Amino acid sequence: EVYFIEFNNVSSVTQASGVISAITKGSGKVFRKYELVPGTSSLTENINANVQNGTVYYAQELSIILNKLQANTRNEILLLAKNILVAVVGDANGKYWYLGKVAGINLTGGSGATGTAQGDRSGYTLTFSAMEAELAPEVNSSIIAGLLT
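In this text the structure is predicted, and so the values were computed from the model without any measurement.

Explain the sheet that holds strand β8 (residues 96–99) to me, using residue names and the numbers behind them.
Note: strands within a sheet are paired through backbone hydrogen bonds, in either parallel or antiparallel orientation. Pairing is mixed in the open sheet, where seven strands are placed in the order β2-β3-β11-β8-β7-β1-β4. In this open sheet, the two edge strands, each paired with only one partner strand, are β2 (10–16) and β4 (32–34).

Given below as structure tokens:
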């Protein structure tokens with residue numbers, strides 16, 4: 001699963017030792033939850049270092065699959081593409097990760113396809129990208145339910 005909210009709608013994040021224990025949202029603002037089909041989506045963090053310059057940053061890439069081409073999904077994608085976001089990603093190990101903490105995460109690519117054969121996917125593949133100074137912090141699972149309220 002993945003939760004998105006506009007970057008500017010998060011007013012503060014409480015983090016210690018690489019774990020987020022609180023996310024404060026603007027009044028009336030909520031994360032939008034997307035249930036993902038198991039085994040179809042992924043999160044990758046690439047370490048980019050330049051020894052000569054003494055610099056390092058982490059490229060976060062989230063790839064998600066949304067099955068079925070339909071108008072409401074299309075409309076959601078249009079909104080996601082128009083905003084700088086943050087994302088909370090749930091992985092297969094029951095852990096949650098916060099993407100785009102400092103600079104936000106953006107929809108940077110994707111496609112929609114009908115498929116050809118009867119068993120082919122009809123749906124969208126979306127890629128979100130961020131560049132951060134640190135690896136994504138873990139989000140304490142006890143605060144996940146509060147993202148939607």
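Describe unusual backbone geometry, listing the residues and the values that go with them.
The phi dihedral of Ser17 falls on the positive side, at around 50°, and the residue is not glycine. Its place among the elements puts Ser17 in the loop between β2 and β3 (19–25). With a phi angle near 80°, Lys68 is a residue other than glycine that sits in the positive phi range. Note on placement: Lys68 falls in the loop between β6 (55–67) and α1 (71–81).

I'd like a description of the environment of Gly115, backed by residues and values.
Within the secondary structure layout, Gly115 lies in the loop between β9 (106–113) and β10 (123–132). Sequence separation of Gly115 and Glu138 is 23 residues, and the distance between their C-alpha atoms is 36 Å. Leaving out residues up to four positions away in the same chain, Gly115 has contacts with Asp120 and Arg121.

Tell me about the pairing of β6, and name the residues and values.
Two faces, one strand: in a regular strand the side chains alternate between the faces of the sheet. Alignment of strand β5 (residues 42–50) against β6, held across nine bridges, turns out to be antiparallel. Each residue of the ladder has a partner; that of Ala49, found in β6, is Val56. Connecting β5 to the antiparallel partner β6 that follows it, the hairpin turn spans four residues, and Gly54 within it adopts a positive phi of roughly 70°.

Please give an account of the sheet that holds β9 that cites residues and values.
The sheet built from four strands is open, its strands ordered β5-β6-β10-β9 with antiparallel pairing. Both edges of this open sheet fall to β5 and β9, since each of them pairs with a single strand only. Averaged over all neighbouring strand pairs, the angle between strand axes comes to 15°, with direction disregarded. Pairing geometry for β9 and β10, over seven bridges, is antiparallel.

I'd like a description of the pattern of salt bridges, backed by residues and values.
For the structure shown, the criterion picks out four salt bridges. Between Arg32 and Glu6 there is a salt bridge, and its shortest N-O distance comes to 2.6 Å. Of this pair, Arg32 sits in strand β4 while Glu6 sits in strand β1 (residues 2–6); the two residues are 26 residues apart in sequence, bridging distant segments of the chain. Judged by its relative accessible area of 17%, Glu6 falls in the buried class. A salt bridge links Glu138 to Lys95; the nearest nitrogen and oxygen atoms lie 3.4 Å apart. Within this pair, whereas Glu138 is found in strand β11 (residues 138–139), its partner Lys95 is found in the loop between β7 (85–90) and β8, the two being separated by 43 residues in sequence. Shared partners join several salt bridges into a network, and the residues in it are Glu1, Lys33 and Glu35.

What counts, and at which threshold
- Residues numbered from 1 in each chain as written.
- Predicted model: local features only at pLDDT ≥ 70, side-chain atom pairs only at ≥ 80, totals over all residues.
- Heavy atoms only, no water.
- Pairing = 2+ DSSP bridges.
- Helix = DSSP H or I, 4+ residues; strand = E, 2+ residues; numbered from the N terminus.
- Contact = heavy atoms within 4.5 Å.
- Axes fitted to C-alpha atoms, helices over the stretch in contact; angles between N-to-C directions.
- Salt bridge = Lys/Arg side-chain N within 4 Å of Asp/Glu carboxyl O.
- Buried < 20%, exposed > 50% of the residue type's maximum accessible area, 1.4 Å probe, protein only.

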